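What the coordinates show
Residue-level listing of the chains:
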Amino acid sequence: MQKGGSRSEGRLLRAILVVAICLTLAPVLRLFVEGLTDQGTLGLSLASKVLSQPSTLSALKHSLITAGFGTLVSLVLGAAFAFLVAITDLRAKGALVFCLMIPMMIPPQITALSWTQIMGPSSVLLKTLGVAPPMGSPQPLYSAQGIILLLGIQHMSIIFLTLRAGLRAIPQEVVEAARISGARGLRTWWQVVMPLTLPSLAAGIAITFVTALGNFGIPAMLGIPAGYVTLPTLVYQKLAGLGTSVLAEVSVLAMLIGAVAVIGIMVQRFFQTRQKVYLVGSTSRPLAIPLGAARLPVEILLWAVVCTILVLPMFGLLATSLVPAYGVPLRLDTVTLASWWEVLFRQPVTTRAFVNSFSLAFGAAVVLMILCLPLAWLMERNPTRLSRLFDSLLDLPYALPGVVLSIAMILLLINLPFTDATLYGTVWIIFLAYLARFFAVMFRPIQASLKQLDPAMGEAAQSVGASLFQRLRDVIVPLSAPAAAAGAILVFLTAFNELTVSALLWSSGTETLGVVIFNLDDSGETAMASALAMTIVMVVMLLMVVVQLLSRRFPKGVVPWQT
Amino acid sequence: MADITLSSIGKTFAGTPAVQDISTRFEDGEFVALLGPSGCGKTTLLRLLAGFEMPSSGQIRIGARDIADGVTGTMVPPEDRNMGFVFQSYALWPHMSVRRNVSYPLEIRRFSKAEIAAQTDVALNATGLVEYADRMPSELSGGQRQRVALARCLVSDPDAVLLDEPLANLDVALRASMQAVFTDFHKRTGATMVYVTHDQSEAMAMADRIAVMDRGRIQQFDTPQNLYERPKNRFVAEFVGLGTVVPLRGVEKTDAAAHGNVLGKRIAVQSTHNSPSHVCLRPENLTISETGDLRAKVARVTYLGGKYMLESVSECGTRLLAETRAKFDVGAQLGLTITTPWAFHED
């Protein structure tokens, strides 16, 4: 006889939960404590000093401007695509959706790099075509407007996805009822479809704003040359320039970004809970309003936009990577793979970065899978108050801007408790930061698949005498393996490209691919940076295609770009 | 020995009682059905027996062995109870072949390879699944899946087999043949079986005894015949079989017989209670005759195949059900005679 319904399950749940909480929530908590104390005592004097500095205020203003207008650009692009794809009878929707997901999966520093390659006086592509502006004219992207445009393009997928999910939950009957009552065309859209999708639209806007606010790659690549500093780049500049002596100061900045982000996350949660009201009992046939004669022109327009924001910059990147020196026009006699050869096989730093990024991403995927599989199942089976609280907070390290998490990680690990040892400057701090940051990326798909799993599957094994370990090994793990695989690929994909966290945590020897591209571009090696970026884009697309091909075998909700 | 004893078992979910104060005993080798409307607590009771739920109060014993105690909060976990469970959804593991699904309980028990193969074959044979052994569950029909689930719970020779609405997802024809499979199996193995269903014909056809449940309590636990002919209260009378419950007045009871007023007519009734308050008028208790002193008007006629069910309304507004081989038209006047209905007491 034993105490409670499932003692072994409860014990294991507590053990894994403690590890998971230490990984994900401890850094956030540590940062919070740091912000509220001044050299060990409780007080806000340092905070008020840092917050009143002109550089802080101007960076805050820049952050709000770029994130705000960037969200507006995302909204226009993402909402237009979402409405047209989700509620009309366009053809080849699958391909369109897949293409619209690519901007989200391509790391921001590569987006920035690729766009600078199709604009400005030294653009190889423009020179080749003979339309480059004269030497000495400014790069138009090195400006607030450039940052806004690229932030908008980078994050349009988020608006697109959330809005499309909301639209797909509207049953066709609702629209048919409006039409039988006499509502026509745009009136149906405005009076029926729009009000029903407002909550998901609002949630999408809030989360897009938070993501844009935390974006480091784009303002770093475009803003630093122009002297246009946002909060994440300000933290980076202070920490890179002055080292850990300014740790207390940048913690306050991180808290500031975190505070703005948390407001955004709360707005998003608020609208997400409101949206559920509409979702009840409403999943029949999705909408398909016929566009009639306008269908072909609309299709051509949409694909033209996709080409402009996706294909064109990639061509710019490719062109730059194929010339012998930056600024030389691309012709049949100048084309060379020298940059590719140099960056992929000759430069020790890039080889090292490949190894680092690969091991970090692979290691994070494996460790998170081992942690999340049993945890998700146990949380589903035996929900406790602690596990519910954790469930509502575990997105935080992923939703908070990367800069905030990095600072939190430094604070937590710069002095390991009870020792003189430090993890700062080692590869382990990056690894632990990745585990915290990508925990939700692995956990949510597994959770989604386990929620759809008949609880009787585990109970059937239990009734024939299988112990907890045997049930996990023989029933739960095999059945949630596809979702875990999808989660692992997503973790690998995001970690492999990651820049924001590693930009603050790297040191010589622990460079990641994101850092190397950033540094190569910073030191003027644009051709090599482009070659490396192209390689990464190809790896990303390959992995996305793998997930896409396997997607039919995944339960609903596992692949983020399929709803 | 696998008789199951429940003593004042209760289970509450978040303050709401699902099962209240149930004390009863299922004999060794008995086929028991738990019958009731949805939400009556029958599935909760079954899951308490299996160990998937912990009782909030009371004790459960199998033979001489305590398996759950709601007072001390201790229980034997499901994996150590040696019970079989057949789920409504079958719960076949989709990643394992039919053979592996069936042999898994033996693997868990660390049988030798040869023993596993031999016993699995016996179970597959008994359920007629030999030719499907290498298929995956997704390649089977509903009835075949059900038989795999049954084979899986038989293979390890459980003390008791618990079945949670196992036929609910099957079509009518398949249901009848699966009922035969279950009864045959029960006869052959003599295992104690507890079967949850909301379908009374299913329960009547298979069970030795039926526990009729409502609002978390067992209302009556009796043989199918007694439930139908001698219901204990209004709920059982109305839930099991067709019929109308009407008040009984002016009862005079002697050792030999009892009489009372039903719908204004004085008739003989049967009862074990000293002062019964209601009678249950089944179609069998009503005879249609020209001379019948209870006048009623036909309100609805339903053809049942070979006979008609007449729903008629008496002069005092009571709905009465009668069966007849002759066809009557709606609105026709009938004379009815009541013959010795069952009477029970209700507070």
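Computed from a predicted structure; not experimentally measured.

**Looking at the overall build of chain B**
- Looking only at helices and strands, one finds 8 helices and 21 strands in chain B.
- Each principal axis of the C-alpha atoms in chain B carries an extent, and together these give about 75 × 50 × 40 Å.
- By residue count, 44% of the 347 residues in chain B fall in the buried class.
- The long-range share in chain B, meaning contacts at least 24 apart out of those at least 6 apart in sequence, stands at 65%.

**Quick notes on the overall build of chain A**
- Summing up its helical and strand segments, chain A has 25 helices and 3 strands in all.
- If you line up chain A on its principal axes, its C-alpha atoms span 80 × 75 × 50 Å.
- Buried residues in chain A amount to 47% of all 563 residues.
- In chain A, 80% of the contacts between residues at least 6 apart in sequence involve partners at least 24 apart.

**Description of the interface of chain A and chain B**
- The partner chain B presents 26 residues to the 21 residues of chain A that form the contact.
- If you list the elements that add at least two residues to the side of chain A that touches chain B, you get strand S1 (2-3), helix H21 (456-463) and helix H22 (468-497) of chain A.
- Element by element, the count of residues in the side of chain A that touches chain B is highest for H21 of chain A, at 6 residues.
- Tallied by class, residues from the side of chain A that touches chain B come to 9 nonpolar, 9 polar and 3 charged.

**What about the nonpolar core?**
- Ranked by internal contacts, the top residues of the largest apolar core, which has 268 residues, are Ala364 and Val491 of chain A.
- When residues in this core are grouped by element, the largest group, 15 residues, is from H22 of chain A.
- Counting contributing residues per domain, this core is built from domain 1 (4-229) and domain 2 (242-344) of chain B, each supplying no fewer than three.
- Leaving out residues up to four positions away in the same chain, Ala364 of chain A has contacts with Phe431, Tyr434, Leu435, Phe438, Val491 and Ala495 of chain A.

**Looking at the sheet that holds strand S3 (residues 31-35) of chain B**
All names here are of chain B.
- As summarised here, the arrangement of the 6 strands in space is S7-S8-S9-S3-S10-S11, forming an open sheet in which the pairing is mixed. Looking at the sheet topology across the chains shown, the edges are occupied by strand S7 (83-86) and strand S11 (217-222). Each strand of the sheet is rotated relative to its neighbour by a mean of 15°, with strand direction disregarded.
- As defined by bridge partners, strand S8 (residues 160-164) adjoins strand S9 (residues 192-197) across 5 bridges and the pair is classed as parallel.

**Some thoughts on the domain arrangement of chain B**
- Split into domains, chain B comes out as domain 1 (4-229) and domain 2 (242-344).
- Between the C-alpha centres of domain 1 of chain B and domain 2 of chain B there is a distance of 39 Å.

**Quick notes on helix H11 (residues 231-242) of chain A**
All names here are of chain A.
- For H11, with 12 residues, the first-to-last C-alpha span of 16 Å sits near the 16 Å given by 1.5 Å per residue.
- Listed as buried for H11 are Leu231, Pro232, Thr233, Leu234, Val235, Tyr236 and Leu239.
- A positive phi of about 75° marks Gly243, the residue just after H11.

**Digging into the pairing of strand S18 (residues 308-314) of chain B**
Residue and element names in this part refer to chain B.
- Here strand S17 (residues 294-303) runs beside S18; their pairing, made up of 7 bridges, is antiparallel. Looking across to S18, one finds that Ala296 is bridged to Ser314.
- Counting the residues in the hairpin turn of S17 and S18 gives 4 residues, including Gly305, whose phi is positive at 90°.
- Two strands pair when backbone bridges link them, and S18 and strand S19 (residues 319-324) are joined in this way by 6 bridges, in the antiparallel orientation. Note on S19: the bridge partner recorded for Met309 is Glu323.
- Where S18 folds back on S19, the antiparallel hairpin that results is connected by 4 residues, among which Gly317 adopts a positive phi of roughly 90°.

**Some points on the confidence of the model for chain B**
All names here are of chain B.
- Here chain B shows a mean pLDDT of 89. Residues at 70 or above account for 100%.
- Between the elements of chain B, mean pLDDT differs from a low of 85, seen in helix H5 (residues 172-189), to a high of 95, seen in S3.
- Across the predicted assembly, pTM comes out at 0.78 and ipTM at 0.74.

**Things to note about the confidence of the model for chain A**
- Summarising the model, chain A shows a mean pLDDT of 83, and 91% of its residues fall at 70 or more.
- Between residues 278-282 of chain A, whose pLDDT stays under 50, and residues either more than four places distant or in other chains, the model counts 6 contacts.

**Let's talk about the packing of H22 of chain A against helix H25 (residues 526-550) of chain A**
Residues and elements named next belong to chain A.
- One way to put it is that H22 packs onto H25 with a least axis distance of 10 Å and a crossing angle of 170°. In terms of their interaxial angle, H22 and H25 are classed as roughly antiparallel. Taken together, the residues of H25 that come into contact with H22 (itself represented by Ala486, Ile489, Leu493, Phe496 and Asn497) are Ile536, Val539, Val540, Leu543, Val546 and Val547.
- Partitioned by chemical class, the residues of the contact of H22 with H25 number 10 nonpolar, 1 polar and no charged.

**Focus: the packing of helix H10 (residues 217-226) of chain A against H11 of chain A**
Residue and element names in this part refer to chain A.
- As a packed pair, H10 and H11 sit with axes 9 Å apart at the nearest point and diverge in direction by 75°. One finds that H10 runs roughly perpendicular with respect to H11. For the pair formed by H10 and H11, the contact residues are Pro219, Ala220, Gly223 and Ile224 on the first element and Pro232, Thr233 and Tyr236 on the second.
- A class-by-class count of the residues in the contact of H10 with H11 yields 5 nonpolar, 2 polar and no charged.

**Section: the environment of Asn261 of chain B**
All names here are of chain B.
- Structurally, Asn261 is set in strand S13 (residues 258-262).
- Put simply, Asn261 and Pro247 are 14 residues apart on the chain and 8.5 Å apart in space, counted from C-alpha to C-alpha.
- Filtering out sequence-adjacent residues up to four positions away, Asn261 remains in contact with Arg249, Gly250 and Arg266.

**Focus: unusual backbone geometry**
- The backbone phi angle of Ala92 of chain A is positive, close to 50°, even though this residue is not glycine.
- For Leu263 of chain B, which is not glycine, the phi dihedral falls at a positive 50°.
- If you trace the backbone, Leu263 of chain B turns up in the loop between S13 and strand S14 (265-269).

**Structural notes on the sheet that holds strand S12 (residues 244-253) of chain B**
Residue and element names in this part refer to chain B.
- The antiparallel open sheet is built from 5 strands, whose spatial order is S14-S13-S12-S15-S21. Edge positions in the open sheet fall to S14 and strand S21 (342-344), since each of these has one partner strand only. Recorded for the sheet is a direction-independent mean angle of 40° between the axes of neighbouring strands.

**Topic: the pairing of strand S20 (residues 333-338) of chain B**
All names here are of chain B.
- Burial along S20 is one-sided: Leu334, Leu336 and Ile338 are buried, and none of Gln333, Gly335 and Thr337, which face the opposite way, are.
- Looking at chain direction, strand S16 (residues 286-288) and S20 are connected through 3 bridges and run antiparallel. Across the sheet, Ile288 pairs through a bridge with Leu336, a residue of S20.
- The pairing of S17 with S20 spans 4 bridges and is classified as antiparallel. When the sheet's bridge partners are listed, Lys297 is paired in S20 with Gln333.

**Observations concerning the environment of Leu472 of chain A**
- Following the sequence through the fold, Leu472 of chain A ends up in helix H22.
- Residues Leu472 of chain A and Leu373 of chain A lie 99 residues apart in sequence; the distance between their C-alpha atoms is 8.9 Å.

Rules behind the numbers
Residues numbered from 1 in each chain as written. Chains lettered and ligands numbered in written order. Predicted model: local features only at pLDDT ≥ 70, side-chain atom pairs only at ≥ 80, totals over all residues. Helix = DSSP H or I, 4+ residues; strand = E, 2+ residues; numbered from the N terminus. Buried ≥ 20, exposed ≤ 12 C-beta atoms within 10 Å, placed from the backbone. Contact = placed C-beta atoms within 7 Å. Nonpolar A, V, L, I, M, F, W, Y, C, P; charged D, E, K, R; others polar. Core = buried A, V, L, I, M, F, W, Y, C linked by C-beta atoms within 7 Å. Domains from an automatic or database assignment. Pairing = 2+ DSSP bridges. Axes fitted to C-alpha atoms, helices over the stretch in contact; angles between N-to-C directions. Expected span 1.5 Å × (residues − 1). pLDDT = per-residue confidence, 0-100. Parallel < 35°, antiparallel > 145°, perpendicular 65-115°, else oblique.

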